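Architecture and fold: a report
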Amino acid sequence: MNSKRVVIIGAGPAGLMAADILSAHGILVDLFEAKASVGRKFLMAGKGGLNITHSEPLPNFILRYDHSDWLKPMIDEFNPNDIVSWMQSLGVSSFIGTSGRIFPTEMKAAPLLRRWLSNLKKRGVSVHCNHYWKGFTTNGDLRFSTADGEKVITPDATILALGGASWPSLGSDGAWVKILTSSNIAINPLLPSNCGFKATWSQHMDSHLGKPLKNIAGWVKNDSGEIQKSSSEAILTTYGIEGGLVYALSRPLREKVVSDGEATLYLDLLPYVTLNKLRALLAPSGKQSINNIWRKAGLDSVKIALIREALPKDKWSDPICIAAFIKEYPIKLTGMQPIEEAISTSGGVKREALTEDLMLCRLPNVYCAGEMLDWDAPTGGYLLTASFASGRFAAKGILKNLT
Ligand SMILES: Cc1cc2nc3c(=O)[nH]c(=O)nc-3n(C[C@H](O)[C@H](O)[C@H](O)COP(=O)(O)OP(=O)(O)OC[C@H]3O[C@@H](n4cnc5c(N)ncnc54)[C@H](O)[C@@H]3O)c2cc1C
């Protein structure tokens, strides 16, 4: 077993975690990466503060994934507490933010990646950068394009950890979809997730674009009338709207946009004020200007601009009408931002194309892990957690099956 050679393609969180497990068990690991250095998306994730996992109770945590029953055994084996302990084992401490999100104390990915990589190298993992996987030979061997021409490698087992298709400049370009589809592997189309959505604003909104909508709640109604909610911030942009609230609702919004060509995002612009209280606050009062009344009710300039944008002027002095509008402000979304600009990708290799150990049913000894699998989750540390956990799980599958 120890003389077995496993190739991992893709040096992101999933591939690195697979290398970690296999090398700890004495397997010879060759890690191939298209880019000139490893973990570029992981490093980018650390730019705004590396939200590596989340502290909410595990039963709730699991439900954040669209395919939670599939991911549960993987995350049970490498849960948020395990991620914290694993970071600690690399000398990286962490903290829980006010929203329950977990970050390394230094917030960045670079120190963690540096220590992780050095550990892997000490265990003999060979890292081959600038090796772009092009597919299989007719014998099922691996074809790489390199600066020195094509290389063909014949491992005992392979893990594909090629990522999704967002931010392709960081390495994951989704080209694997074509390769695996030609081997008749079932794949759900890659679509943008945790992304901005298109909406049209009049010129009147120009000076408010780029500004945040703070302390708001939002929801989407699906065809069966179910409501999915989120409360966070959003940012109005030249193309429409983005930000944490929109990302958290990106799955139901995307489903609506894909099926109907458009979706409606409803916002409560003052979620901490009841409808009745709001009606009272918005009642005309003496010589006070409408703007003054609105400000005193708690609306800032961006929220006021949104109301002026969509509510006819003759309704501005009607407290019942305007209060209802503030509590259920509809924004028509007509599309998603391109996948290249999304934080993550939905779709990927379908569960039924894989064994329970994440081996491709049609390609024995070829496993898949990470964001290239067909699962989706909001931001909040869920993406990295599932990438780590599935990388680990695929590696464990190899340890079990490769005799
Ligand atoms: C801006 C941004 C911020 C993010 N912030 C967070 C966050 O705070 N928390 C969180 O949980 N998630 C976050 N994410 C998402 C997270 O980074 C990804 O879900 C995660 O990196 C996926 O890991 P992976 O190993 O599956 O794929 P990737 O990290 O994409 O790694 C795949 C690797 O495969 C390589 N590769 C692809 N094709 C080939 C090929 N043909 N040949 C050889 N190599 C190839 C790529 O170069 C890449 O290095 C963020 C993403 C972005 C873009």
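Since this is a predicted model, take the numbers as computed values, not measurements.

A word on the environment of Thr 154
Inspection of the secondary structure puts Thr 154 in the loop between strand 9 (149-153) and strand 10 (157-160). Separated by 157 residues in sequence, Thr 154 and Leu 311 have C-alpha atoms that sit 65 Å apart.

Quick word on the domain arrangement of the protein
Considered domain by domain, the protein is made up of domain 1 (5-192 + 345-401) and domain 2 (197-336). For domain 1 versus domain 2, the distance between C-alpha centres works out to 38 Å. Looking at side-chain class alone, the side of domain 1 that touches domain 2 contains 3 nonpolar, 2 polar and 2 charged residues.

Description of the nonpolar core
Core analysis: the biggest nonpolar cluster contains 114 residues, and Ile 8, Ala 18, Ile 159, Tyr 367, Cys 368, Ala 369 and Ala 394 have the highest contact counts within it. The element that contributes the greatest number of residues to this core is helix 14 (residues 382-401), accounting for 10 residues. Once residues within four sequence positions are removed from consideration, Ala 369 is found in contact with Ala 14, Ala 18, Ile 159, Ala 161, Leu 358, Ser 390, Gly 391 and Ala 394.

Quick word on the sheet that holds strand 9
Taken in spatial order, the 3 strands make up an open sheet running 7-8-9, and their pairing is antiparallel. One side of each edge strand has no neighbouring strand; the edge strands of this open sheet are strand 7 (132-136) and strand 9. Neighbour to neighbour, the strand axes of the sheet diverge by 30° on average, direction disregarded. Across 4 bridges, the pairing between strand 7 and strand 8 (residues 142-146) is antiparallel. Bridge pairing in strand 8 places Gly 135 opposite Arg 143.

Digging into unusual backbone geometry
Positioned with a positive phi, Met 107 is a non-glycine residue whose angle comes to about 70°. A positive phi angle is found at Leu 358, which is not glycine, with a value near 75°. Since 26 C-beta atoms lie within 10 Å of it, Leu 358 is described here as buried.

Analysis parameters
Residues numbered from 1 in each chain as written. Predicted model: local features only at pLDDT ≥ 70, side-chain atom pairs only at ≥ 80, totals over all residues. Helix = DSSP H or I, 4+ residues; strand = E, 2+ residues; numbered from the N terminus. Domains from an automatic or database assignment. Nonpolar A, V, L, I, M, F, W, Y, C, P; charged D, E, K, R; others polar. Core = buried A, V, L, I, M, F, W, Y, C linked by C-beta atoms within 7 Å. Buried ≥ 20, exposed ≤ 12 C-beta atoms within 10 Å, placed from the backbone. Contact = placed C-beta atoms within 7 Å. Pairing = 2+ DSSP bridges. Axes fitted to C-alpha atoms, helices over the stretch in contact; angles between N-to-C directions.

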